[in-house]
Structures are given as structure tokens and as C-alpha cells.
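Working through the structure, step by step
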Amino acid sequence: MRELTYVARHTVEWREVPDPKLRSDQEAIVTPVAATSCDVDSAILAGHGFIDPPFALGHECVARVVETGDEVTTVAPGDLVVVPWSINCGTCDNCGTALTAHCTAVPHMAMYGAPIGGSWGGLFSDLVRVPWADAMLVPLPAGLDPVAMASASDNWSLSWRLVAPHLKNRPGARVLVVARGSIGLYVCDIARALGASDVLYVDPDPAHRRLAESYGARTAETVEPVRHGFDLAVEATGRVDQLALAVKCLAPEGICESAGNHFRPGELPLLDMYLTGVTLRIARDNVRNHIPDALDLARSGTVDPARVVSHVIDWEQLPDALPEKHLKPVFVRADG
């Protein structure tokens, strides 16, 4: 089979590798039918990652189940499923407390799309082996479009987690979104749908701002710190100066969620954060536990994640099209 391999800055290519095989009765083999690039993939392709190539790329997709082991009970061949980005067993102590990105049955941070915690391949591949299929795979609900939900593996479900629990605890909260990619736009959509009283989206890209406005957000190209202006801030730029801006805008006891990939160092206004009393979380998400709730929201009709999809591109065009600058391209198989 072929797997799309990151080989150099702005360069990917198909490479032939052996077809994956079931290694236990708890596993499944899937074929991606709609796969998309995560915001971090853009940073990797631009050469800002911390892992040297070559390695298989891709960790967001909806796939079709091809084969299952005898002990798999929740999915069957032919089913459409969301494949979460991180590898998790579902039964260890960490998985049992919803820390699926920190599963102790595999090396730390084991994932698709980067050789962290072992080599698990990427979801821009013709076939993918899924260990612990019952724990990992989430059936795609009927009526949901695989193209619209290709990002449920990570960015869509992450965006749900960045705002939904906070808006449940703080109804009508004011939300600041400082972003550069799909995460911030998904957040605008979700925050408005869940009752945020105000959403300000900050991004230098005018096309992104127009999309955020279509979700009901106010927008700005840049902004100076707004003292005590927001109850919740979401930063998804990977730039520490923008994270510093976000925390400076928080109201007393405000919360900042940082979903940026901070490959570069920087300084935060710690004294200001201390005096205001803020909570800052910087993390990749334990996404598996949030996928069902995020899919339920997508089914409700109150959100429209399909609007963030910038291009729908044939699977065979992956090597040429992926390195180009797109907001959220989704690559689909003609036979999917």
C-alpha cells in the first residue's frame, strides 16, 4: 500500500510500505475515505516541527472499516468511523480517567501522523491498523457528512472541549479567540451555538475573519490587550506573544485554553496573570472521550463545521495539493 510521507520542507510523497495486518483479535484495519490536515500539519510542512523527516503524515480522518478481529464488537466491516489521533487502550488507569492521550499501554504520546511514542503510520495512508478498535473507533452517526466531520479525529472535537465545558459552567461567557487556522473558526461556531454572549475573533487573514463573522463573531485583524474583557480566551496560533495577549485580556479568575503548538520559546506576563487570577491550560487534547459529544453537537443542526472546509480534493492529489496553503482541505477517495 501507499502512505503519504513527509520528506522535507513543503514536500511529501507516496511511499510503498507493506499492507498492515491484524496483530490481535482486538484490532481493526480501516481505509480513510475523508482525511484532512490538522493545524499542526501546516507547521510541520513549513519546517517548524521538532521531528526530523521522513515520517508518515496525517492524524484526522473518517474511515471505512475493512477488517476486524474476532473480539471487536462495536464496529464491523463497512462501517464509517472516526479515528482518534492518539493511540489508546481504553482500560489502563489513565484511559479510565479520560486521559487517553496518556495511555500507559503504549509509549508516551503514541499517535498517528508523527513518530512520537513509536511508529503508528499516518491517516493519509491507503490502509491503517487500529489497535484496541473497540476503545478507539467511534461510529460516525447516520446523516453526518464524512467530509464535514473529517476533523472530528482532533480539531473539531478539540474545539468542542475548548469551550463547551466552560460555557456550561459560565453561561453567556465572553469569549476571545486568537487564532490562525481551523481550530479558532470551529470555536467561533461552537461558542455561539452554546450561548456565548460575545465572541471576538482575532486573525490577520481577511478570509478567515469573514468566515468567523458568518458564525456571528466580531472580528479584528489585531487587538491590544482588553483589560478584564473576556471570561474565556482560546489561543491557537503557536505564538507565545499571542498567548500573552490572550491572558492579558482575561477577567478575574478567567480561563485561557492554549491549543497552539508552541515549537518556539517565549515569555508570559506571569505577574499580570497572578494578579488577575487566571487558569491557563496548554495541552494536546484527550480527544477520544470528547468525540461522541462533539458529534452530537454536529448532529444538532446548530453548528456548521462544513463551512470551514476550504477545498475538497481527490485522494490522488495529496502529494501535490497538501503542501499548498489551504485552510482546511479534505482529501476524499473516489471509491470511498
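For the structure given in this document, a descriptive report is provided here.

Rules and cut-offs
- Residues numbered from 1 in each chain as written.
- Predicted model: local features only at pLDDT ≥ 70, side-chain atom pairs only at ≥ 80, totals over all residues.
- Heavy atoms only, no water.
- Buried < 20%, exposed > 50% of the residue type's maximum accessible area, 1.4 Å probe, protein only.
- Helix = DSSP H or I, 4+ residues; strand = E, 2+ residues; numbered from the N terminus.
- Right-handed = clockwise from strand over helix to strand, strands pointing away.
- Pairing = 2+ DSSP bridges.
- Axes fitted to C-alpha atoms, helices over the stretch in contact; angles between N-to-C directions.
- Contact = heavy atoms within 4.5 Å.
- Patch = residues over 30% accessible without salt bridge, like charges linked within 9 Å, V, L, I, M, F, W, Y side chains within 5 Å.
- Areas by Shrake-Rupley, 256 points an atom, 1.4 Å probe, with all protein chains shown as cover.
- Salt bridge = Lys/Arg side-chain N within 4 Å of Asp/Glu carboxyl O.
- Phe/Tyr/Trp six-rings, centres within 6.5 Å; stacked < 30°, edge-to-face > 60°.

What follows is about the pairing of strand S10 (residues 198-202). Burial analysis of S10 places five of its five residues in the buried class, which makes it a mostly covered element. Covered by surrounding structure in S10 are Asp198, Leu200 and Val202 together with Val199 and Tyr201, the residues of both alternating faces. With helix H5 (residues 182-193) bridging strand S9 (residues 174-179) and its parallel neighbour S10, the resulting β-α-β unit is right-handed. Here S10 pairs with strand S11 (residues 218-220) via three bridges, running parallel. Paired with Leu200 across the two strands is Arg218, which belongs to S11.

What follows deals with the sheet that holds S11. Taken together, six strands build an open sheet; the order of strands is S11-S10-S9-S12-S13-S14 and the sheet is parallel. Single-partner strands in this sheet number two, and they are S11 and strand S14 (279-282). Sheet twist, expressed as the mean angle between neighbouring strand axes with direction ignored, is 15°. As paired elements, S9 and strand S12 (residues 230-236) share five bridges and run parallel to each other. Looking at S12, one finds that Ala179 is bridged to Ala236. Strands S9, S12, strand S13 (250-258) and S14 of the sheet are contacted by helix H4 (residues 155-169), whose axis makes an angle of about 170° with S12.

Let us now look at the sheet that holds strand S1 (residues 2-8). Where strands meet in a sheet, backbone hydrogen bonds hold them as pairs that are either parallel or antiparallel. Read across the sheet, three strands follow the order S2-S1-S4 without closing on themselves; strand pairing throughout is antiparallel. The open sheet has two free edges, formed respectively by strand S2 (11-16) and strand S4 (55-56), since each of these has just one partner strand. For S1 and S4, the ladder comprises two bridges, and the chain directions are antiparallel. By the bridge assignment for S4, Thr5 is matched with Ala56.

Okay, a nonpolar patch on the surface next. A cluster of nonpolar side chains, Leu271, Tyr274 and Leu275, forms an exposed patch at the surface whose accessible area comes to about 420 Å². Note that Tyr274 resides in helix H8 (residues 270-276).

What follows is about the packing of aromatic side chains. Tallied over the full model, the rule gives four aromatic pairs. Measuring from centroid to centroid gives 5.4 Å for Tyr6 and Phe55, while their planes differ by 65°, and the two rings are edge-to-face. Of this pair, Tyr6 sits in strand S1 while Phe55 sits in strand S4, placing them 49 residues apart in sequence. Since its relative accessible area comes to 7%, Phe55 is described here as buried. For the pair Phe124 and Phe331, a centre-to-centre distance of 6.0 Å together with 85° between the ring planes defines the contact as edge-to-face. Taken together, the residues span a long stretch of sequence, with Phe124 in the loop between helix H2 (93-96) and strand S7 (128-130) and Phe331 in strand S16 (residues 329-332) at a distance of 207 residues. For Phe331, a relative accessible area of 0% puts it in the buried group.

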